[in-house]
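# Chains, contacts and geometry: an overview
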Amino acid sequence: MSPVNMPVDVPAVTDDTFEREVLGRDGPVLLYFWAQWCPSCRMVAPVISRIAEERAGSLTVRRINADENPLTTRNQQVMSLPTLMLFLDGRPALTLVGARSRARLLSEVDAALEG
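### Notes on unusual backbone geometry
Residues apart from glycine generally show negative phi values, whereas peptide bonds are mostly found in trans. Look at the link from Leu81 to Pro82: it is a cis peptide, with omega at -5 degrees. The topology assignment puts Pro82 in the loop between helix H3 (70–75) and strand E3 (83–88). The residue Gln77 is not glycine, and still its phi comes out positive at about 55 degrees. Mapping Gln77 onto the fold places it in the loop between H3 and E3. Notably, Asp89 is not glycine yet its phi reads approximately 55 degrees, a positive angle. Turning to its location among the elements, Asp89 is positioned in the loop between E3 and strand E4 (91–97).

### Focus on the packing of helix H2 (residues 39–54) against helix H4 (residues 102–114)
The contact between H2 and H4 brings their axes to 10 Å, and the two run at 55 degrees. The angle between the axes of H2 and H4 places the two elements in the oblique class. Taken as a pair, H2 and H4 cross one another with a handedness that is right-handed. Residue-level inspection shows Val47, Ile48, Arg50, Ile51 and Glu54 of H2 in contact with H4, the latter providing Arg102, Leu105 and Leu106. For the contact of H2 with H4, the class distribution of residues is five nonpolar, no polar and three charged.

Definitions and cut-offs
Residues numbered from 1 in each chain as written. Predicted model: local features only at pLDDT ≥ 70, side-chain atom pairs only at ≥ 80, totals over all residues. Heavy atoms only, no water. Helix = DSSP H or I, 4+ residues; strand = E, 2+ residues; numbered from the N terminus. Axes fitted to C-alpha atoms, helices over the stretch in contact; angles between N-to-C directions. Parallel < 35°, antiparallel > 145°, perpendicular 65-115°, else oblique. Left-handed = near helix turned anticlockwise from the far one by under 90°. Contact = heavy atoms within 4.5 Å. Nonpolar A, V, L, I, M, F, W, Y, C, P; charged D, E, K, R; others polar.

Okay, structure coming up:
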């Protein structure tokens, strides 16, 4: 099931594909943990979609349904939704919890990429 208000198709990751699609991917990966029941997830979904479209050449964006993929959610210690994790070289470099504006999210991601 796709997140509500996700206008651009952001590819989904599962417990089975997490290692390949996130940890094994070259370049930075922004992973969006969401759930269908989460109102804040619905607010941030269009922001994630827009960033995926704008940064297609420099940032891989993926989504994962936390309810349907409990192994990855637990292993990444995701306790609240939405959670966004930036992975660099297969390691978490930034974890953001809660909805954010596009400008704030990009500012935080860019600061982590520069650091």
